[in-house]
Amino acid sequence: MLKSSVAALRSIIIVAGLAAGVAVAAQSPSLSMLGRLEPGQWQLRFRDGSPAQQICLKTGRELIQLRHQNSKCSRYVIEDGSDEVTVQYTCRGANYGRTSIRRETGSLAQVESQGIAGGLPFQFTAEARRTGTCR
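Nothing here was measured: the structure is a model prediction, and the numbers come from that model.

## A few points about the overall build of the protein
1) Next: What the protein contains, in helices and strands, is 2 helices and 7 strands.
2) Next: When the helices and strands of the protein are placed in sequence order, the string is α-α-β-β-β-β-β-β-β.
3) Next: By the burial criterion, 33% of the 135 residues in the protein qualify as buried.
4) Next: A total accessible area of about 8,700 Å² is found for the protein, and carbon and sulfur atoms account for 54% of it.

As structure tokens, then:
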């Protein structure tokens, strides 16, 4: 009798834990830190000396897929902090990436990204700085 009661209790705990996990997984991460970046024209300065790139930020989410800007990709949020986010994404055609964005101020952020684009690996770190309004 005691063994069956313990087994039943374990089953209840496992089911409750799974239900709690499903509830957490069903919640959509907000990535609210990206919304605290000022909209406008931003310049990306790459640490490896590559030419600077201009980008128009509306929501800050544009920084997530810099190597896959026009691709529809599924995203999985790894970290959703107050000053840093990390997102992993997968696009059609075996392209994917993982990007971390750290907010220093509303007009300055650090971006690190790596993955596969066009069948080739990429990795970069860049400073993103707001330079004005979008053109």
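## Comments concerning the packing of aromatic side chains
1) Next: In this structure the tally under the stated criterion is 2 aromatic pairs.
2) Next: Centroid distance Phe46 to Phe124: 5.3 Å. Interplanar angle 80°. Geometry classified as edge-to-face. Residue Phe46 is located in strand β1 (residues 40-46), and its partner Phe124 is located in strand β7 (residues 120-132); the two are separated by 78 residues in the primary sequence. Residue Phe46 shares its accessibility class with Phe124, and that shared class is buried.
3) Next: The interplanar angle of 25° and the centroid separation of 6.2 Å between the aromatic rings of Phe122 and Phe124 together place this pair among those described as stacked.
4) Next: Exposure remark for Phe124: the relative accessible area of 5% places this residue in the buried category.
5) Next: One aromatic cluster is present, built from ring pairs that chain together Phe46, Phe122 and Phe124.

## With respect to the pairing of strand β4 (residues 84-91)
1) Next: For strand β3 (residues 73-80) and β4, the ladder comprises 7 bridges, and the chain directions are antiparallel. When the bridges of β4 are listed, Cys73 appears paired with Cys91.
2) Next: As consecutive antiparallel partners, β3 and β4 are separated by 3 residues.
3) Next: Taken together, the 8 bridges between β4 and strand β5 (residues 95-105) define a ladder with antiparallel strand orientation. Among the inter-strand pairings, Val87 is bridged to a residue of β5, identified as Thr99.

About the cut-offs
- Residues numbered from 1 in each chain as written.
- Predicted model: local features only at pLDDT ≥ 70, side-chain atom pairs only at ≥ 80, totals over all residues.
- Heavy atoms only, no water.
- Helix = DSSP H or I, 4+ residues; strand = E, 2+ residues; numbered from the N terminus.
- Buried < 20%, exposed > 50% of the residue type's maximum accessible area, 1.4 Å probe, protein only.
- Areas by Shrake-Rupley, 256 points an atom, 1.4 Å probe, with all protein chains shown as cover.
- Phe/Tyr/Trp six-rings, centres within 6.5 Å; stacked < 30°, edge-to-face > 60°.
- Pairing = 2+ DSSP bridges.

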